[in-house]
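Letter by letter, the chains look like this.
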Amino acid sequence: MSNLYEVLPPELDDDVPVRKVTIRVNGENLSAVVEPRLLLAHLLRQGFKLTGTHTGCDTSNCGACTVLFDGQPVKSCTMFAVQADGHEVMTIEGLAGPSELHAIQEGFKEEHGLQCGFCTPGMMMTSKALLDENPNPTEDEIRWALSGNLCRCTGYQNIVKAVMWAATKLQDQ
Amino acid sequence: MTAVDEIKIGGMGARRRRVEDNRFIRGKGNYIDDIVLPGMLHMEILRSPLAHARIRSIDTSKAWAMPGVRLVLTGETMAARNLAWMPTLSYDTQAVLATDKVRFQGQEVACVIADDPYIAKDACEAIMVDYEPLPPIVNPMQSLAEGAPLIRDDKENQPDNVIYDWEVGDKGGTDRAFAEADVVSKIELHYPRSHPSPIECCGSIADFNRSTSKLTVYMTTQAPHIIRAAVAMVAELPEQMIRIISPDIGGGFGNKVPVYPGYVASILASILLERPVKWIEDRTGNLISTGFARDIYLHGELAMRKDGRILGVRMQTTADHGAFFSDAQPSKFKIGLMHSAFACYDIPNAHLVARGVYTNKAPGGVAYRCSFRVTEAMFFQERMIQAAADDLGMDQAEFRRINFVRDDDFPHRTPWGFLTDSGQYGKCLDVGLEAVGYQDFLKQKEEAAKRGRLLGIGISTMTEPLGAGNSREYDILGIKMFDSAELKVHITGKALLRTGARGQGQGHETTWAQIVAHELGIPAEDILVEEGDTDTAPFGMGTYASRSTPVAGAAVAMVSRKIRAKARKIAAHLLEISEEDVEWELGRFYVRSQPDRGVTIQECAVAAYSNMPDGMEPGLDNTAYYDPPNLTWPFACYIVTVEVDPETGVWDVLRLVAVDDCGVRINPMIVEGQIMGGLTEAYAMANMQFITFDAEGNCIGSNFTDYLLPTAWETPGFELHEVVTPCPHHPIGAKGIGECAAVGGPAAFVNAVIDALKGTGVRNIDMPMFPDRVYEALQTGKDISGAPPVRTGEA
């Protein structure tokens, strides 16, 4: 126990199967006891208090919940938490260290790649996966890579520019 | 000492990077679902699977028995507290939880409050509702037919399904214009039902504290003060005990203006349980039950002389409002600002007849990225203009130009009574035509046609009324549509600004500070902007209808000027001269005869707390309430070129040129962002966004697999241009911009496709112009209607 106490629910229903999972989240091993039906997005948000991962559609269309799962972008509302047991997850909170900004974060701000900000964490995680694999993408490659993430505010043009800004900065580093 | 450099301090015209981004790019925004209160419970809503049915009984016993369930609410629970129905913003009533009948698929029937959202959802499924199906109506023409089932049998004096009949304009004069016309051109359109669909759905957390009697509600609302007033009226709670907090909002677009049953139910649940209750809507709930937009039938005709001058216009609109008339709009106008159509053209006579109809569909009629039905108005206008130009055999650009209100004709009274006050319509059109290479494209089009390729060009030009509005004409539920700003300059010269608006991504935290910087010379980074908390923000009407900059933004300028007026007195005291001898330049007062002798605004701030003149009230705070003298009238010219594939009906955008004149631009970067967002929604309307219903009233388009939003892949690139005609009455010359492209854009896309089909006899394809619709039009040479089905047979 990391606390001196642990609050238990008033009545445990023995009929509900639960399972302990341990996930390496943003470089730290985090554990939880979960029902098998709990979605990874909900464990991250409610269980681990990482509220930067958003949910916007429930049908894996919007991509606001995108995280990196063993380095690959996945929609965390499409995965059960138990499927992540023993795997590595990176959320927006893990993109840069405290008081640091990743080039993608800087790019989104510099190029006005966000407005309401709700889709932004998912957009940036997908962008990170793209740039990890393809450090110098064309506009078409960026648009294709981001086509699983919906944005209602920007019209995407500035998001594309933001990713290009980040690619340039990362290559200069 | 000299004046400060305005761009350096982030004043007007600076492409200042956004302050709010600092938290959003780190995933540290504070949206409704991120908020967790101690002891918080979770609410889920059970919705009706049927579009029209009588409720025989509801059995909640199994739900109550489930572990973790704290409360089950039904219409009966609500009715016992006089909360089964609530007033709408359009003087109708709307069911909170159904008692007698359900009137659309997705209507709220019961709520479960439980320890966990999963448990609440499980328990909803355990509720047994016995429905007696009734015949549903999803087509308003069928709703108007004799013998149609009465949808609102709950209302007295409601013999049929008509909500209102309304008209405006001069019928006699318009009839005479048509009698004198050489050419009369007609068009019939359906602007389909659409949904704003911000990526964040709606939600609330109600927190009633019995010991203090205070009700705090966190809510996804674009207008927290209106909500406070509405809650006070609906829940009969004292207004000082109600605090509405609108946290970061994940997009609004009009979807988050109305009061929804979920908000009301969560409030009652918190009062009954004395614990915080959170309700987070799922996407299907959002799409099938909250504020849809459009869904209107537009018929009209133009009377013209042979030379192309327009003599008169007739419009007839039939709006499908769904089961409850819950539009959020100024109370004087039943069909919003529909009668602002044709405002950029000099037309002497006009007459509009509007009818509103109930159907078994979700209520709404919200202004989706639009100033109260102007989207429909401008779409009709520009489709009509193109059809008329074609009928006359005139060039579509030239036809617009000869009918434009000219630059020296302002102020100009439109035939429906609006006063437009500024613009350079011809110049905007020229900039657009030049940018797209109009003449070259026409040649290219002709060449391509010889090889069987279908190219088309569509133009849409319009001025729209933004920034409601002056108190003579505009109110919601009787509350005048002013707005407000409060500015507190602290002793160190840093400041706190609050307004009655509530941004949802428009960047208020950034731009409002730029206005203060422009007026006072205080660097923008020294100004903290806060909005959205009714306990701290001054009363305002919120953010929608592109009204923030025209109204709240003006209030920011005016409160800054009040501060400057007081600071001037302090400066005179510090400089030991009379006030008349004090001059101002940005950030600094100085002695007229000795410009080197001066004091900065920051030095005045220190003195306001430490060395004020005798008899002066200490401090440097003030509040301004701004009642605009008129609406603002931005102008836009959107030009789209397309190629239509005759084999498949697929159309691709070749170029998209936008020329916007929104007056003075506070932050050009943010303005351009607004335009691009609007263009994307215009493209979405024209191409894919579609919510319809089958004859049984099932909503087709209840998730993002069926209701398509454009992604980065298909969204075209934008070419932006600007013209600046300052607003003559706005303190900093600005006009609204957030919605122009979504309003004026759709017609440009449709006009382009129809232009590509010129010669086939096709005058109209209703949006969205799906490839199968375009293909069918090409094959048959006939117009394509997108109206929902008419039901036949028994229930």
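Keep in mind the model is a prediction, meaning the values are calculated, not measured. (Residues numbered from 1 in each chain as written. Chains lettered and ligands numbered in written order. Predicted model: local features only at pLDDT ≥ 70, side-chain atom pairs only at ≥ 80, totals over all residues.)

1. A short note on the overall build of chain B
Part 1 of the argument: When helices and strands are tallied, chain B shows 19 helices and 34 strands.
Part 2 of the argument: Relative to its length of 795 residues, chain B is compact, with a C-alpha radius of gyration of 28 Å against a globular reference of 28 Å.
Part 3 of the argument: Counting only C-alpha atoms and orienting by the principal axes, one finds that chain B spans roughly 85 × 75 × 50 Å.
Part 4 of the argument: Per-residue burial over chain B gives 61% buried out of 795 residues.
Part 5 of the argument: Across chain B, every contact between residues at least 6 apart in sequence was considered, and the portion connecting residues at least 24 apart equals 79%. (Helix = DSSP H or I, 4+ residues; strand = E, 2+ residues; numbered from the N terminus. Rg over C-alpha atoms; globule rule 2.2 N^0.38 Å. Buried ≥ 20, exposed ≤ 12 C-beta atoms within 10 Å, placed from the backbone. Contact = placed C-beta atoms within 7 Å.)

2. Some thoughts on the domain arrangement of chain B
All names here are of chain B.
Part 1 of the argument: The domain architecture assigned to chain B consists of domain 1 (21-28 + 483-626), domain 2 (32-134 + 203-249 + 256-281) and domain 3 (373-466 + 630-780).
Part 2 of the argument: Taking only C-alpha atoms into account, the centre of domain 2 sits 40 Å from that of domain 3.
Part 3 of the argument: Opposite the five residues of domain 2 that make contact, domain 3 presents four residues.
Part 4 of the argument: Of the residues assigned to the side of domain 2 that touches domain 3, the class counts are two nonpolar, three polar and no charged. (Domains from an automatic or database assignment. Nonpolar A, V, L, I, M, F, W, Y, C, P; charged D, E, K, R; others polar.)

3. Re unusual backbone geometry
Residue and element names in this part refer to chain B.
Part 1 of the argument: With an omega dihedral of -5 degrees, the bond running from F410 to P411 counts as a cis peptide bond.
Part 2 of the argument: Its place among the elements puts P411 in the loop between α11 (396-403) and β18 (412-413).
Part 3 of the argument: Following M767, the chain continues to P768 via a peptide bond in cis, the omega torsion being -10 degrees.
Part 4 of the argument: Looking at where P768 falls in the secondary structure, it is placed in the loop between α18 (740-756) and α19 (771-780).
Part 5 of the argument: We note that R369 has phi near 45 degrees; this positive angle belongs to a residue other than glycine.
Part 6 of the argument: Among the structural elements, R369 can be located in the loop between β17 (349-358) and α10 (374-392).
Part 7 of the argument: Phi at F372 is positive, roughly 55 degrees, even though this residue is not glycine.
Part 8 of the argument: Relative to the helices and strands, F372 resides in the loop between β17 and α10.
Part 9 of the argument: By the C-beta count within 10 Å, which is 27 here, F372 ends up buried.

4. Things to note about the interface of chain B and chain A
Part 1 of the argument: Taken together, the contact pairs 42 residues of chain B with 40 residues of chain A.
Part 2 of the argument: Elements with a contribution of two residues or more to the side of chain B that touches chain A: α1 (21-24) and α17 (668-687) of chain B.

5. Structural notes on the sheet that holds strand β2 (residues 28-34) of chain A
All names here are of chain A.
Part 1 of the argument: A sheet is described by the order of its strands in space; here five strands give the open sequence β2-β1-β5-β3-β4, paired in mixed fashion. Whereas interior strands pair on both sides, the edge strands pair on one side only; in this sheet they are β2 and β4 (72-75). Within the sheet, the average angular offset between the axes of one strand and its neighbour, ignoring direction, is 40 degrees.
Part 2 of the argument: Where strand β1 (residues 19-25) meets β2, seven bridges bridge the pair, whose relative direction is antiparallel. Its bridge partner lying in β2, R24 is registered against N29.
Part 3 of the argument: Running over the sheet, helix α3 (residues 120-133) touches β3 (66-69) and β4 and is turned about 35 degrees from β3. (Pairing = 2+ DSSP bridges. Axes fitted to C-alpha atoms, helices over the stretch in contact; angles between N-to-C directions.)

6. Considerations on the confidence of the model for chain B
Part 1 of the argument: With 99% of its residues at a pLDDT of 70 or more, chain B has an overall mean of 96.
Part 2 of the argument: Listed scores for the predicted complex are pTM 0.97 and ipTM 0.97. (pLDDT = per-residue confidence, 0-100.)

7. A short note on the packing of α11(B) against helix α12 (residues 425-436) of chain B
Residue and element names in this part refer to chain B.
Part 1 of the argument: Here α11 crosses α12 at 165 degrees, and the two axes come no closer than 10 Å. It follows from the interaxial angle that α11 and α12 lie roughly antiparallel. Helix-helix and strand crossings are classified by hand; for α11 and α12 the assignment is left-handed. Listed contacts from α12 to A397, R400 and R401 of α11 are G426, L429 and L433.
Part 2 of the argument: Considered class by class, the residues forming the contact of α11 with α12 number three nonpolar, one polar and two charged. (Parallel < 35°, antiparallel > 145°, perpendicular 65-115°, else oblique. Left-handed = near helix turned anticlockwise from the far one by under 90°.)

8. Regarding the sheet that holds strand β20 (residues 454-463) of chain B
Residue and element names in this part refer to chain B.
Part 1 of the argument: Taking strand neighbours across the sheet as the criterion, the four strands line up as β20-β30-β31-β34 in an open arrangement whose pairing is mixed. The sheet terminates laterally at β20 and β34 (719-722), the two strands that pair on one side only. This sheet shows a mean twist of 15 degrees between the axes of neighbouring strands, independent of strand direction.
Part 2 of the argument: As defined by bridge partners, β20 adjoins strand β30 (residues 635-644) across ten bridges and the pair is classed as antiparallel. Looking across to β30, one finds that L455 is bridged to E643.
Part 3 of the argument: The sheet strands contacting α17 are β31 (651-661) and β34, and the helix crosses β31 at an angle near 145 degrees.
Part 4 of the argument: Along the sheet face, α18 touches β20, β30 and β31 and points at about 150 degrees away from the line of β20.

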